[in-house]
Amino acid sequence: MRILEVHYSTAWAGAERFVVDLCNELSVKHEVYLCTLVDDTLPGKSYYKTELFPAVQYINLKCISGMDTRGFVRLYKVIKEIKPDIVHAHTDALNLWLPSLLYKKAKYFHTIHSLAEKRQYKSWLTPIYQHFYKSHINAICISKICKQSYTELYHLNNAIQIDNGRSQIKPSKNLKSVEEEIKNYRKTDQTKVFVHVARCSEPKNEPLLFKTFCRLYKEDKDCILLVIGANYDSPEYKHLLEDATPNIHWLGLKNNVCDYLINSDFFILSSKWEGLPISLLEAISIGIIPICTPAGGIPDVIKDKSLGYLSPNMDEEDFYRTIIDALETSEYFNREKLIEHFQENYSMKHCANQYIQAFLSRI
């Protein structure tokens, strides 16, 4: 098959990470193109581009933003030129409206990377999206709860559920230096290390995370929080860093997240809503114990206590108690079971095979 994958960019973010992984895996047996919309010479917009396999043919449309109206026409021209069997977008489905109407030789798919109502920004567009998902574009949802939200919003039962996947992460040549770096953050040899990997944003709910670790510090709990990601120094969120206690360390962007996970005890998320976070899959792929709120598809991954610690809800006290439980009982945790859980359910090979089956079923 000739497959055209479409996304905004290859910036540092979960969906972008997923798209690059998927393109690489699909390119093993198929002809794959990746078309990004936003000008990749802009700062940060090509973070994962260098990780694309040579077999993936890369196109950049040099748009100002992902919803640039000129981009709709440019994308249509690319589709006409390439003549793909499959056009698979991870952007807003709006980008597929024009080509799905004018170039009917391809089959169109759109992966919704969050809850449907969170991805659609204007309520008056609901019947228009509903029409396209019913007649022109095949919707794919990345978790059970995302599929439920799609059905409730559009009153359609035609979405395909394919859980997110991730390629196996590996340590870099900097693993040893990261180990030494983290030693400098530890209070004692027994200090428990928590890692949070996310861009600071409303869905990830970092205020809850920071507030909880400030409380743990004041109670003299021997643990630290390492925060990896962007936007923590933005005007909206810089107060989190200004008010942070000494057990919280913001490290900025890292292209060797695996090194930090390997040298940690826990991976932690405090999300309000999610699709199915790639960062969580990265952690469990190497047996790092997750501690999360029950947002989006997270409960589908952490199905019971043998697979991690899940707060009963997003309540501040419950989240705190879940962390305390992890600190007190994690020594009995079977990390190998976590790795097996990833390999059986969330590997990129497993995920890509499901996409291929979905594509073939519509041709």
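Here the structure is shown first, and the text comes after it.
Attention here is on the structure that accompanies the text. Each chain carries its own residue numbering, running from 1 in the written order of its sequence. Predicted model: local features are reported for residues with pLDDT of at least 70 only, side-chain atom pairs are reported and counted for 80 or more only, and whole-chain, interface and lining totals are derived from all residues. Derived side-chain values reflect all non-hydrogen atoms in the structure, with water molecules and hydrogen atoms excluded from consideration.

### Thoughts on the packing of aromatic side chains
Alright, step 1. Pairing of aromatic rings covers Phe, Tyr and the six-membered ring of Trp, with a centre-to-centre limit of 6.5 Å; geometry is then stacked below 30 degrees between planes, edge-to-face above 60, and tilted otherwise. Within this structure, the stated rule accounts for 16 aromatic pairs.
Alright, step 2. Consider the rings of F194 and F266, whose centres lie 4.7 Å apart with planes at 25 degrees: the pair is stacked. Here F194 is found in strand 8 (residues 192-197), whereas its partner F266 is found in strand 11 (residues 266-269), with 72 residues between them in sequence.
Alright, step 3. Residue class for F194 comes out buried when judged on its relative accessible area of 0%.
Alright, step 4. Through a chain of ring-to-ring contacts, the aromatic side chains of W97, Y129, F132, Y133, Y150 and Y154 assemble into a single cluster.
Alright, step 5. Positioned over the ring face of W273 is K118, at 3.9 Å from the centre of the ring.
Alright, step 6. Only lysine NZ and arginine CZ atoms are considered, and such an atom sits over a ring when it is within 6 Å of the ring centre and within 35 degrees of the ring normal. Its guanidinium or amino end placed over the ring of Y320, R215 lies 3.5 Å from that ring's centre, counting from NZ or CZ. The numbering of helices and of strands both runs from the N terminus, where a helix is a DSSP run of H or I of at least 4 residues and a strand a run of E of at least 2. Each residue is assigned to one of three classes by its accessible area relative to the maximum for its type, calculated with a 1.4 Å probe on protein chains only: buried under 20%, partly exposed between the two thresholds, exposed over 50%.

### Regarding the pairing of strand 2 (residues 31-38)
Alright, step 1. With 7 of its 8 residues buried, strand 2 lies for the most part within the structure.
Alright, step 2. Examined bridge by bridge, strand 1 (residues 2-7) and strand 2 share 6 bridges and lie parallel to one another. Across the sheet, the residue bridging to H7 is T36, located in strand 2.
Alright, step 3. In this scheme, strands are said to pair when DSSP sees at least two bridges between them. Where strand 2 meets strand 3 (residues 57-63), 5 bridges bridge the pair, whose relative direction is parallel. Looking at the pairing, C35 lines up with I59 of strand 3.

### A word on the sheet that holds strand 9 (residues 223-228)
Alright, step 1. One open sheet holds the 6 strands; their spatial order is 10-9-8-11-12-13, and the pairing between them is parallel. Single-partner strands in this sheet number two, and they are strand 10 (248-252) and strand 13 (309-310).
Alright, step 2. Across 4 bridges, strand 9 lies against strand 10 in parallel orientation. The residue bridging L226 from the neighbouring strand is H249, located in strand 10.

### Notes on the sheet that holds strand 3
Pairing between the strands of a sheet comes from backbone hydrogen bonds, and it takes one of two forms, parallel or antiparallel.
Alright, step 1. If you trace the 7 strands from one edge of the open sheet to the other, you get 3-2-1-4-5-6-7, paired in parallel fashion. Of all the strands in the sheet, just strand 3 and strand 7 (160-161) have a single pairing partner and so form its edges.
Alright, step 2. Here helix 5 (residues 126-135) sits on the sheet and contacts strand 5 (107-112) and strand 6 (137-141); the angle it forms with strand 6, its principal contact strand, is near 100 degrees. Should any heavy atoms of two residues lie within 4.5 Å, those residues are counted as being in contact. All axes are obtained by fitting lines to C-alpha atoms, using only the stretch in contact for helices, and the reported angles, taken between N-to-C directions, cover 0 to 180 degrees.

### Examining the pattern of salt bridges
Alright, step 1. Put simply, a salt bridge is a Lys or Arg side-chain nitrogen that is within 4 Å of an Asp or Glu carboxyl oxygen. All told, the structure shown has 18 salt bridges when counted by the stated rule.
Alright, step 2. Measuring nitrogen to oxygen at the nearest pair gives 2.6 Å for the salt bridge that ties K204 to E274. Separated by 70 residues along the polypeptide, K204 in the loop between strand 8 and helix 8 (206-218) and E274 in the loop between strand 11 and helix 11 (278-285) bring together distant segments of the chain.
Alright, step 3. With relative accessibility at 15%, the residue K204 sits in the buried group.
Alright, step 4. With relative accessibility at 6%, the residue E274 sits in the buried group.
Alright, step 5. Residue K305 is joined to D325 by a salt bridge in which the shortest nitrogen-to-oxygen separation is 2.7 Å. Of this pair, K305 sits in the loop between helix 12 (298-301) and strand 13 while D325 is found in helix 13 (residues 316-329), placing the two residues 20 residues apart along the sequence.
Alright, step 6. A residue is classified by how much of its surface remains accessible, and K305, at 47% relative accessible area, is partly exposed.
Alright, step 7. Overall, D325 belongs to the partly exposed group, its relative accessible area being 24%.
Alright, step 8. By sharing partners, the salt bridges in this structure join R17, D21, E51, R166 and E282 into a single network.

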